[in-house]
Amino acid sequence: MIRRDLPKKAAALVATLFACQAGTPLPRPEADASRQLVVVIAPDWTSTVATLARFDRATPTSAWSRLESPIPVVVGRTGIAWGVGFEDVSTEGPHKHEGDGKAPAGIFPLDTAFGFAPRDSMPSVRLPYVQMLPTTDCVDDTASAHYNTVVDRAAVPRVDWNSAEHMRQVSQYKIGVIVGYNASPPIKGRGSCIFLHVWAGPDSHTAGCTAFDETKLREVMLWLDPKKRPLLVQLTAAEYDNLRVSWRLPRLASTTN
């Protein structure tokens, strides 16, 4: 007798196996390859305050060492939410979208520094550096071909956006680091213009960035080395505890992992 229900049963079995796999955190190759981490921990998903600690290691297989005690930072005005690429990591927590006022949770590259000063006045910055000009915009218009990119509107063939951050007009962008979030390629509506930047004080918040003291930010910016593949790891305390071992992240309570 021919069993015509086998395809359905096989499909159900595959779906069950996939669901089990999706619920098991997998290692993150970007974390395995990194030698510099900026770890931001929020108490919960709706908190607007968090702490930041830096970790480094000599090789990708060495133990992580913490550079200093955690410092206070502020995040989005409505907290944090899972960013692009982390939808299936956990059943807990919201998912980021444009305009939600949440900083992205997950692991993201720190790939470009920026500031108001010209490049030749920042010789100690090892990351690629972009000077903010009066015409520099970060485009948050989802209809634009330049969505989630920092561009000089005076240098593009056509300005096709109706909404953007005019970065030179924002004093908190005096110095900063671009977080490589939702960038390769950007998914329309999943969030844009995410930075590490200067805060307006410990009682402030951001539209979705991570901000802190200017002196400490400058120290972080000078420390970041593209050869060491620096990353921002941004999570709630509970999710960090859940994911630390599988993602091979450092312990927070000690100086080495």
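Here, every reference points to the structure presented above.
Asker: Tell me what's going on with the overall build of the protein chain, and back it up with residues and numbers.
Answerer: Across its full length, the protein chain carries four helices and 14 strands. Burial analysis of the protein chain (257 residues in total) assigns 46% to the buried set. In the protein chain, of all internal contacts separated by at least 6 residues, the share reaching a separation of at least 24 is 62%. For the protein chain, the computed accessible surface area is about 12,500 Å², with 57% contributed by carbon and sulfur atoms.

Asker: Now, about helix α4 (residues 237-247): what can you tell me, with residues and values included?
Answerer: Within α4 the residues assigned to the buried category are Glu239, Tyr240, Leu243, Arg244, Ser246 and Trp247. Looking at the buried positions of α4, the neighbouring elements they touch are α2 (29-33), β1 (36-42), β5 (80-82), β6 (103-115) and β14 (231-236). Following α4 by one or two positions, Arg248 has its phi on the positive side, about 55°.

Asker: Run through the packing of aromatic side chains, naming residues and quoting values.
Answerer: All chains considered together, the criterion is met by eight aromatic pairs. Summarising the aromatic geometry, the rings of Phe108 and Tyr181 are spaced 5.3 Å apart at their centres and angled 90° between planes, so their arrangement reads as edge-to-face. With Phe108 in strand β6 and Tyr181 in the loop between β11 (175-179) and β12 (195-198), the pair connects residues that are 73 residues apart, well separated along the chain. Classification of Tyr181 by relative accessible area gives buried; the value is 1%. Between the aromatic rings of Tyr173 and Phe195, the centroid separation amounts to 5.2 Å while the plane-to-plane angle is 80°, which identifies the pairing as edge-to-face. Here the residue Tyr173 occupies a position in the loop between β10 (164-166) and β11, and Phe195 occupies one in strand β12, the gap between them amounting to 22 residues. Three or more aromatic residues link up through ring pairs in this structure, and these residues are Trp45, Trp82, Phe86, Phe108, Tyr181 and Trp247. Geometry around Phe116 places Arg168 over its ring, the cationic atom sitting 4.7 Å from the centre.

Asker: Can you lay out the pairing of β12 for me, pointing to particular residues and giving the numbers?
Answerer: Relative to β12, β11 runs antiparallel, the two being bridged by three bridges. In the sheet register, Gly176 faces β12, and the bridge partner there is His197. Bridging between β12 and strand β13 (residues 210-212) involves three bridges; their strand directions are parallel. The residue of β13 that forms the bridge with His197 is Ala211.

Asker: Tell me about the pairing of β11, residues and numbers included.
Answerer: Counting buried positions along β11 yields five of five residues, so the element is predominantly enclosed. Side chains Ile175, Val177 and Val179 of β11 all project onto a buried face; the interleaved residues Gly176 and Ile178 project onto the opposite face, where all are buried too. In the sheet, β6 pairs with β11 via five bridges, with the strands oriented antiparallel. Looking across to β11, one finds that Phe114 is bridged to Gly176.

Asker: Got a sec to walk through the sheet that holds strand β8 (residues 136-139)? Specific residues and values, please.
Answerer: On the basis of which strands lie adjacent, the open sheet formed by three strands has the order β9-β8-β10 and antiparallel pairing. Both outer strands of the open sheet, β9 (150-152) and β10, are each paired with one neighbouring strand and no more. Going from strand to strand, the sheet's axes swing by 35° on average, the running direction of each strand aside. Here β8 pairs with β9 via three bridges, running antiparallel. Its bridge partner lying in β9, Thr136 is registered against Asp152.

Thresholds, definitions, all that
- Residues numbered from 1 in each chain as written.
- Predicted model: local features only at pLDDT ≥ 70, side-chain atom pairs only at ≥ 80, totals over all residues.
- Heavy atoms only, no water.
- Helix = DSSP H or I, 4+ residues; strand = E, 2+ residues; numbered from the N terminus.
- Buried < 20%, exposed > 50% of the residue type's maximum accessible area, 1.4 Å probe, protein only.
- Contact = heavy atoms within 4.5 Å.
- Areas by Shrake-Rupley, 256 points an atom, 1.4 Å probe, with all protein chains shown as cover.
- Phe/Tyr/Trp six-rings, centres within 6.5 Å; stacked < 30°, edge-to-face > 60°.
- Lys NZ or Arg CZ within 6 Å of the ring centre and 35° of its normal.
- Pairing = 2+ DSSP bridges.
- Axes fitted to C-alpha atoms, helices over the stretch in contact; angles between N-to-C directions.

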